[in-house]
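Given next are the chains, with one letter for each unit.
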Amino acid sequence: MAVIPLLLFGGLWNAVGASNLAVVTCGSVVKLLNTRHNVRLHSHDVRYGSGSGQQSVTGVTSVDDSNSYWRIRGKTATVCERGTPIKCGQPIRLTHVNTGRNLHSHHFTSPLSGNQEVSAFGEEGEGDYLDDWTVLCNGPYWLRDGEVRFKHSFTEVLLSVTGEQYGRPISGQKEVHGMAQPSQNNFWKAMEGIFMKPSELLKAEAHHVEL
């Protein structure tokens, strides 16, 4: 697939096909698919009616919904330079593009399944340490065509979907929550988005390996 330049952020961004870019990088804006239930991680300015009362996070089947875009950033109080490859085992933040709140979890009970609530928290991309998630994958880096898990860095639950479905006002959307046990319900894959080109660091490492 050809590389398609986008006139965003001074031309620093590129939309690319999976075959052209092997790794997921900081600064990229992506949609994340739960591969078991075929729903994309989603949020919106709708708050939970129970638990924390924070902004809700759900899973949607729609491919085109702009509320499913998340920006990949460094963990709380750090900066991850654009284009830096995400390593397996690295803590990150996922910031909801349209509302500026971070994927978050804490010891509240989720409304449908009774698992751990997952919400969106903070303002303009800044929340707290409960916004950090560790990328679990095989190999040195998070690969675009690979499945990963997201482990909450503080409570150690895994970002999951098990199929429970909401009614009004978000009818048909699936509950997203945290679960302690690994299963097929907590695998995710990067899908549509705007991906930053890998930085010179990765190229230098590749050159070193070749030597």
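Residues numbered from 1 in each chain as written. Predicted model: local features only at pLDDT ≥ 70, side-chain atom pairs only at ≥ 80, totals over all residues. Heavy atoms only, no water.

Section: the confidence of the model for the protein chain
Logical step 1: Chain-level pLDDT for the protein chain is 88 on average; 84% of the residues reach the 70-or-more range.
Logical step 2: Between residues 1-20, whose pLDDT stays under 50, and residues either more than four places distant or in other chains, the model counts 34 contacts. (pLDDT = per-residue confidence, 0-100. Contact = heavy atoms within 4.5 Å.)

What to know about the nonpolar core
Logical step 1: If you look at the biggest cluster of nonpolar residues, it comprises 30 residues, and the most contacted ones within it are Leu 32, Leu 41, Val 57, Leu 103, Trp 142, Phe 150 and Leu 159.
Logical step 2: Among the elements of the structure, strand 3 (29-34), strand 4 (39-47), strand 6 (70-74), strand 7 (91-96), strand 9 (116-121), strand 10 (133-136) and strand 15 (188-194) are those that each provide at least two residues to this core.
Logical step 3: Here Leu 41 is in contact with Leu 32, Val 57, Thr 58, Ser 68, Trp 70, Leu 103, Leu 159, Val 176 and Trp 188, once residues within four sequence places are set aside. (Core = buried A, V, L, I, M, F, W, Y, C linked by side-chain atoms within 4.5 Å. Buried < 20%, exposed > 50% of the residue type's maximum accessible area, 1.4 Å probe, protein only. Helix = DSSP H or I, 4+ residues; strand = E, 2+ residues; numbered from the N terminus.)

Some words on the packing of aromatic side chains
Logical step 1: Overall, the coordinates contain two aromatic pairs when judged by the stated rule.
Logical step 2: Pairing Tyr 129 with Phe 154 gives two aromatic rings, centres 5.2 Å apart and planes at 80 degrees, and the pair type is edge-to-face. Note that Tyr 129 is positioned in the loop between strand 9 and strand 10 and Phe 154 in the loop between strand 11 (149-152) and strand 12 (158-160), a separation of 25 residues in sequence.
Logical step 3: Residue Tyr 129 is classed as partly exposed on the basis of its relative accessible area, which comes to 47%.
Logical step 4: An angle of 75 degrees between the planes, with centres 5.5 Å apart, marks the rings of Trp 142 and Phe 150 as edge-to-face.
Logical step 5: Its guanidinium or amino end placed over the ring of Tyr 69, Lys 31 lies 4.7 Å from that ring's centre, counting from NZ or CZ.
Logical step 6: Of note, Arg 144 hangs over the ring of Phe 195, and the distance from its end group to the ring centre comes to 3.6 Å. (Phe/Tyr/Trp six-rings, centres within 6.5 Å; stacked < 30°, edge-to-face > 60°. Lys NZ or Arg CZ within 6 Å of the ring centre and 35° of its normal.)

Observations regarding the pattern of salt bridges
Logical step 1: Applying the stated criterion to the full structure yields five salt bridges.
Logical step 2: Notably, a salt bridge pairs Glu 123 with Arg 101, separated by 3.1 Å at the nearest N-O pair. Residue Glu 123 is located in the loop between strand 9 and strand 10, and its partner Arg 101 is located in the loop between strand 7 and strand 8 (102-109); the two are separated by 22 residues in the primary sequence.
Logical step 3: Within this structure, Asp 45, Arg 101 and Glu 123 form a network of salt bridges that share partners. (Salt bridge = Lys/Arg side-chain N within 4 Å of Asp/Glu carboxyl O.)

So, the environment of Arg 71
Logical step 1: For Arg 71, the location among the structural elements is in strand 6.
Logical step 2: By relative accessible area, which is 26% here, Arg 71 ends up partly exposed.
Logical step 3: Taking the C-alpha atoms as reference points, Arg 71 and Asn 102, separated by 31 residues in sequence, lie 9.2 Å from one another.

Regarding the side chain of Asn 186
Logical step 1: Locating Asn 186 in the fold gives a position in the loop between strand 14 (177-179) and strand 15.
Logical step 2: Relative accessible area serves as the criterion here: at 0%, Asn 186 is assigned to the buried category.
Logical step 3: A polar contact of 2.5 Å, which involves the side chain of Asn 186, links it to the side chain of Arg 149.
Logical step 4: In contact with Asn 186, other than residues within four places in its own chain, are Asn 34, Val 148, Arg 149, Leu 158, Leu 159, Ser 160 and Gln 181. (Polar contact = N/O pair within 3.5 Å; in protein donor to acceptor, adjacent residues only side chain to side chain.)

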